[in-house]
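Listed below, chain by chain, are the residues.
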Amino acid sequence: MATRRQFIRITTMGAGAVIAGAAGYKLLGNERNAAHKAAEAVLTGRTPTYCEICFWKCAGWVYRDENGAIKKITGNNEDLNCNGRFCPRGTGGVGMYYDEDRLRTPLIRTEERGKQSFREATWDEAFDYIAEKIKVISAEHGPECLALFTHGSGGKYFSTLLRALGSPHIAAPSYAQCRGPREVAFQATFGEAIESPERTDIRDTKCLVLIGSHIGENMHNGQVQEMSDAIDKGATIITVDPRYSTAAGKSKYWLPIKPATDLALLLAWINVIITEELYDKPYVEKYTYGFEYLRDHVKNMTPEWAYGITTIDPTVIRETAREMANAAPAVIVHPGRHVTWYGDDTQRMRAVAILNAILGSWGRRGGFYRPETFSIAEPEHPPFPTPKRSWRTEFPDLYKLADTVLANGVCDATVPDPSRHCQFQGWIVNGTNLIETLPNQENTLKAIQSLQLLVVIDTMPMEITGWADVVLPECTYLERYDELRVGPHRKPQIALRMPATEPLYNTKPAFWMARELAKRLGVIDYFPFEKIEDQLDWQLKQIGSSLEEMKKTGVKTFERPYEDLYFAPGENVEFYTPSGKIELYSLSIEEAGFDPMPKYTPHEEPPEGYYRLNYGRAPMHTFSRTANNPNLTDLMDENSLWVNPGVAKEWGLTSGQYIYLENQDGKRSEFPIKVRVTERIRWDSVYMVHGFGHDQKKLKRCYGKGASDTNLITKVLVDPIMGGTGMRGNFVTFITDLKSGEARS
Ligand SMILES: Nc1nc2c(c(=O)[nH]1)N[C@H]1C(S)=C(S)[C@@H](COP(=O)(O)OP(=O)(O)OC[C@H]3O[C@@H](n4cnc5c(=O)[nH]c(N)nc54)[C@H](O)[C@@H]3O)O[C@H]1N2
Ligand SMILES: Nc1nc2c(c(=O)[nH]1)N[C@H]1C(S)=C(S)[C@@H](COP(=O)(O)OP(=O)(O)OC[C@H]3O[C@@H](n4cnc5c(=O)[nH]c(N)nc54)[C@H](O)[C@@H]3O)O[C@H]1N2
Ligand code: SF4
Ligand SMILES: [Mo]
């Protein structure tokens, strides 16, 4: 068998080499069925898409009625991300198209920033306005003072635009507000990140450990399906959560941990597995570096030690460690996804990585598989100019292991500071509602107030659009082409999104917008294809397919070039770490000046009368992006505050009552939230679903419904290793007098 190293070398050789390799992939059954599917497509009036309601990007079919009106969306049976089934949000995606509150035409601010005084504009006016401002900013401050924030498909085209202009500043909240610490920790340990969709082999696992990760409410489709299959096959689920989550309800063990203490539990588990010699000895010996350090490091971190910190019974800690070891290597200590919790998140994720390493689950069936990604050739264009500065120039010693631009870093560097040479002057914000997404709203607004230009590309009049100088209305994912989906999976697979119908109103796709701006800014050479469909067709032809074919099949699956989903017995694996091994002791983290071994340090506790603010997901919504979706508000139209019965009694709270919340810094929730008294939450915390409490009146269905957790996250626990913004160090108390709440909101 060819080694992994060789294949990676091929993929890094450039587009030509990749194309040659890809063309050689053996096609799977779905191509053989293409003719059959084509006939069906005509009959049913369906077109392929991949879902944009969350970032699992399931591939599906959009069906229209005889008048061409969009009726429903279903999963594509050949799609590895969804196996033919959409989650409730994906099915409800139709509501995004029909939402009557959608943005309809470009808008230009005419009055003071912050006030809703936009005038409707033509696309030409909007582009001319933006181009003029960008030229002025570039001339006066350099193109590096422009930044793009993006979360979503069209981001690719705006990032081409920014890089063509000479700015390296492309930031996504999916890093420093989400999975960044996990990727940095796994990179440091295994030399590879987890990526999305996660490389967890849940389908074949015998033991799944969920630490916070609330699969079932976190509806990432493939994971939910695989977890359900694994349970049917008898897998043990261990859930560590201060809240009795949906996953906890399916678990053999629920460990209602004291919030912010998970690192102590993880170290105690490692202690048990080492002292009871339950670790995978041959694997540890062959593949890992630093085992003796680790053994020494955790020597005193016994279950009894952890009990005093976590409140988890030492017997349960031992039993659960043995369950994991019994299942090993078919065990997954799930790294989670939104992991920016307490500021020491990279170290907590390191402990997760180490635990997996000694159980031998990395590269093993039922543990973590080796994903395969498909590379698509990019159209030829001139090389991007080399930027003269980056945000790093302003913050040279901060967040050494951040391997991408930090959204919060750009935000901080936008706030004027006389000690810095440059601050950001222009932001382009595509598909991210920064006001609700970045913690510390005051800081975000301070940054926005000092900008010369804020362009927002969105489909809905979200909070961020209210601060824009120019709003560019994008058509929804159901009305446009986008780049091909090539995410990693067990097999390489691509998926097409194409318009099911013409864009409503005066809305346009991101590709067209970025290209029109490129024309006006003298960088059109970076967009050699006038039409996205021609670009897609060209890209597909490089790999032996075509737009015509993909329109019929939606997805196309290829065989892996090598049979290396898991490590072969005795395989010599080279890991991309400084030692070439799995680093239990991290040389790269040490080199960056941080602790090479994860250590537990206590976090601040809520003051008397305050409770830790905990938040998460609901199965029928995605952040704030679905809050106004008519199909999904039908399922859930506000969030509620979970309160433990003991606490409710003390405060005289009852289910259904509305209250305001006030945090440790005196910040009040803008709107009241409905109390839900439940045993399912610990007494020291309260819980709400993120994405509610909108204060944008143009969102008619969701304005003022429920409370926003972001409102109350004024304290940010920044991870010194990579700049992740820990958001769970905030405490709230209850304001039961609604009148006083209203007076202050
Ligand atoms: N339906 C739906 N699904 C989604 C999304 C969505 O918006 N809607 N968003 C997607 C995205 S981008 C992400 S990143 C993921 C996020 O999904 P996850 O990675 O699963 O989210 P987390 O925020 O890590 O986990 C939330 C859980 O952590 C628990 N928790 C809080 N504090 C602690 C603690 O100190 N210790 C422990 N052990 N647990 C704690 C909470 O009670 C809650 O059950 O969800 C994805 N899936
Ligand atoms: N307080 C708090 N903050 C959080 C989190 C939390 O749980 N609590 N979660 C964090 C996590 S894990 C993540 S990943 C981030 C997510 O952060 P974001 O991606 O910013 O999430 P949303 O708030 O849903 O913002 C998405 C925006 O994209 C717009 N949009 C939707 N579809 C399209 C489209 O097709 N084109 C364009 N141009 N725009 C579109 C929506 O209208 C909306 O304004 O938030 C992070 N921040
Ligand atoms: S998990 Fe649901 S919302 Fe996310 S992409 Fe898939 S169908 Fe869409
Ligand atoms: Mo996320």
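If you're wondering where the values come from, they're calculated on a predicted model, not measured in any experiment.

Quick notes on the rules
- Residues numbered from 1 in each chain as written.
- Chains lettered and ligands numbered in written order.
- Predicted model: local features only at pLDDT ≥ 70, side-chain atom pairs only at ≥ 80, totals over all residues.
- Heavy atoms only, no water.
- Helix = DSSP H or I, 4+ residues; strand = E, 2+ residues; numbered from the N terminus.
- Rg over C-alpha atoms; globule rule 2.2 N^0.38 Å.
- Buried < 20%, exposed > 50% of the residue type's maximum accessible area, 1.4 Å probe, protein only.
- Expected span 1.5 Å × (residues − 1).
- pLDDT = per-residue confidence, 0-100.
- Contact = heavy atoms within 4.5 Å.
- Pairing = 2+ DSSP bridges.
- Axes fitted to C-alpha atoms, helices over the stretch in contact; angles between N-to-C directions.
- Salt bridge = Lys/Arg side-chain N within 4 Å of Asp/Glu carboxyl O.
- Near = heavy atom within 4 Å.
- Nonpolar A, V, L, I, M, F, W, Y, C, P; charged D, E, K, R; others polar.
- Polar contact = N/O pair within 3.5 Å; in protein donor to acceptor, adjacent residues only side chain to side chain.
- Areas by Shrake-Rupley, 256 points an atom, 1.4 Å probe, with all protein chains shown as cover.
- Domains from an automatic or database assignment.
- Buried area = accessible area lost by both parts, 1.4 Å probe.
- Arc of directions from axis to C-beta.
- Parallel < 35°, antiparallel > 145°, perpendicular 65-115°, else oblique.
- Left-handed = near helix turned anticlockwise from the far one by under 90°.

Novice: How do you make sense of the overall build of the protein chain when you look at a structure like this?
Specialist: The number of helices and strands found in the protein chain is 28 helices and 26 strands. Since a compact globule built from 745 residues should have a radius of gyration of about 27 Å, the 25 Å found for the protein chain is in line with a globular shape. Referenced to the eigenvectors of the C-alpha coordinate spread, the extents of the protein chain come out at roughly 70 × 70 × 55 Å. Among the 745 residues that make up the protein chain, the fraction classed as buried is 62%.

Novice: I tried to follow helix H12 (residues 262-275) on my own but got confused; where do I start?
Specialist: What sets the pattern is the α-helix's 3.6 residues per turn: residues three or four places apart point alike. An ideal rise of 1.5 Å per residue puts 20 Å on 14 residues; H12 measures up with 20 Å between its terminal C-alpha atoms. Burial runs high along H12: 13 of the 14 residues are buried. Two residues or fewer past H12, glutamate 277 is found with a positive phi of approximately 50 degrees.

Novice: Just checking my understanding: could you explain the confidence of the model for the protein chain for this structure?
Specialist: Confidence in the prediction for the protein chain averages 91 pLDDT; 93% of positions are at 70 or higher. Ignoring residues within four places in sequence, the model shows residues 1-43, a span with pLDDT below 50, making 58 contacts including any to other chains.

Novice: What is the right way to read the sheet that holds strand E14 (residues 453-458) from this model?
Specialist: Strand pairing in a sheet is mediated by backbone hydrogen bonds. Such pairs are either parallel or antiparallel. Across the sheet, which stays open at both edges, the seven strands sit in the order E5-E4-E15-E14-E13-E6-E7 with mixed pairing between neighbours. Here the strands that pair on one side only, and so sit at the sheet edges, are strand E5 (118-120) and strand E7 (170-171). Packed onto the sheet, helix H7 (residues 123-141) meets strand E4 (107-109), E5, strand E6 (146-150), strand E13 (426-430), E14 and strand E15 (470-473) and runs at close to 130 degrees relative to E15.

Novice: How should I be thinking about the pattern of salt bridges in this particular structure?
Specialist: A side chain with one charge can pair with a side chain of the opposite charge if their charged atoms come near. For the structure shown, the criterion picks out 48 salt bridges. Glutamate 479 is the partner of arginine 102 in a salt bridge, and the nearest nitrogen-oxygen pair spans 2.9 Å. Residue arginine 102 is located in the loop between helix H6 (94-98) and E4, and its partner glutamate 479 is located in the loop between E15 and strand E16 (493-495); the two are separated by 377 residues in the primary sequence. The pair arginine 102 / glutamate 479 is uniform in exposure class, with both members buried. Residues participating in the shared-partner salt-bridge network are Glu52, Glu474, Arg480, Asp482 and Arg497.

Novice: Looking at this structure, I do not really get the site of ligand 3. What am I missing?
Specialist: Near ligand 3 you find Cys51, Ile53, Cys54, Trp56, Lys57, Cys58, Phe86, Cys87, Arg89, Gly90, Met219 and Asn221, and these make up its full shell. Looking at side-chain class alone, the shell around ligand 3 contains eight nonpolar, two polar and two charged residues.

Novice: Hey, could you run me through the site of ligand 2 in this one?
Specialist: Not every one of the 28 residues close to ligand 2 is listed here, only the nearest: His151, Thr432, Thr437, Asp458 and Ser624. The contact in question runs from a nitrogen atom of ligand 2 to an N or O atom on the side chain of asparagine 430, over 3.1 Å. At 3.0 Å, a backbone N or O of asparagine 433 approaches an oxygen atom of ligand 2. Protein burial of ligand 2: of its 930 Å² of free accessible surface, 98% is covered by the chains. Secondary-structure elements contributing two or more residues to the shell around ligand 2 are helix H9 (173-190), helix H20 (434-437) and E14. Its residues assigned to classes, the shell around ligand 2 shows nine nonpolar, twelve polar and seven charged. The two domains that each donate at least three residues to the shell around ligand 2 are domain 2 (122-172 + 405-474 + 509-527) and domain 4 (611-735).

Novice: Explanation requested: the domain arrangement of the protein chain in the structure shown.
Specialist: By a widespread convention, an interface's size corresponds to the accessible area lost as its parts come together. By domain assignment, the protein chain separates into domain 1 (1-101 + 477-507 + 537-558), domain 2 (122-172 + 405-474 + 509-527), domain 3 (181-371 + 569-591) and domain 4 (611-735). Placing a centre on the C-alpha atoms of domain 2 and another on those of domain 4 gives a separation of 29 Å. If you look at the interface, domain 2 gives 18 residues, while domain 4 gives 22 residues. Both faces combined, the contact of domain 2 with domain 4 buries some 1,500 Å², and carbon together with sulfur accounts for 54% of it. Looking only at domain 2, the three residues that lose the most surface to domain 4 are Glu436, Pro439 and Glu463, adding up to 37% of its buried area. For the pair domain 2 and domain 4, the number of links is ten residue pairs in polar contact (both at pLDDT 80 or more). It is H20 that provides the largest number of residues to the side of domain 2 that touches domain 4, a total of three residues. Across the side of domain 2 that touches domain 4, the residue classes break down as seven nonpolar, nine polar and two charged.

Novice: How should I be thinking about the environment of glutamate 120 in this particular structure?
Specialist: Mapped onto the elements, glutamate 120 comes out in strand E5. Along the backbone, glutamate 120 and leucine 162 are 42 residues apart, and their C-alpha atoms lie at a distance of 26 Å. In this view, glutamate 120 contacts Thr105, Pro106 and Leu107; residues no more than four positions away in its chain are not counted.

Novice: What am I meant to see in the pairing of strand E22 (residues 673-677) here?
Specialist: Along a regular strand, successive side chains alternate from one face of the sheet to the other. Where strand E20 (residues 640-643) meets E22, four bridges bridge the pair, whose relative direction is parallel. By the bridge assignment for E22, serine 640 is matched with lysine 674. The pairing of strand E21 (residues 658-663) with E22 spans two bridges and is antiparallel. Each residue of the ladder has a partner; that of isoleucine 659, found in E22, is isoleucine 673.

Novice: Sorry, what's going on with H7 here?
Specialist: For H7, with 19 residues, the first-to-last C-alpha span of 26 Å sits near the 27 Å given by 1.5 Å per residue. For H7, the complete set of buried residues consists of Trp123, Ala126, Phe127, Ile130, Ala131, Ile134 and Ile137. Each buried residue of H7 sits inside an arc of 130 degrees when the element is viewed along its axis, so together they form one side. Away from the buried face of H7 by more than 90 degrees, exposed residues Ala139 and Glu140 are located. Immediately beyond the C-terminal end of H7, within one or two residues, lies glycine 142, with a positive phi of roughly 95 degrees.

Novice: What am I meant to see in the packing of H12 against helix H17 (residues 345-359) here?
Specialist: Two quantities define a packed helix pair, namely the angle between the axes and the distance from one axis to the other. In contact at an axis separation of 9 Å, H12 and H17 are set at 20 degrees when each is read in the N-to-C sense. Looking at the two axes, H12 sits roughly parallel to H17. You can see that H12 and H17 cross each other, and the crossing is left-handed. Within the contact between the two elements, H12 uses Asp262, Leu263, Leu266, Trp269, Ile270, Ile273 and Ile274 and H17 uses Gln347, Arg348, Ala351, Val352, Ile354, Leu355, Ile358 and Leu359.

Novice: I tried to follow the packing of helix H8 (residues 155-165) against helix H22 (residues 510-520) on my own but got confused; where do I start?
Specialist: Where H8 meets H22, the closest approach of the two axes is 8 Å, and the angle between their N-to-C directions is 15 degrees. Classed by the angle they form, the pair H8 and H22 counts as roughly parallel. For the pair H8 and H22, the sense of crossing is right-handed. Residues Tyr157, Phe158 and Leu161 of H8 form the contact with H22, whose participating residues are Ala510, Phe511, Met513, Ala514, Leu517 and Ala518. Residues belonging to the contact of H8 with H22 are distributed by class as follows: nine nonpolar, no polar and no charged.

Novice: What exactly am I supposed to notice about the sheet that holds strand E2 (residues 59-64) here?
Specialist: Pairing is antiparallel in the open sheet, where three strands are placed in the order E1-E2-E3. Edge positions in the open sheet fall to strand E1 (46-50) and strand E3 (70-75), since each of these has one partner strand only. On average, adjacent strands in this sheet sit at an angle of 30 degrees to one another, irrespective of strand direction. Where E1 meets E2, five bridges bridge the pair, whose relative direction is antiparallel. Across the sheet, residue proline 48 finds its bridge partner in E2, namely tryptophan 61.

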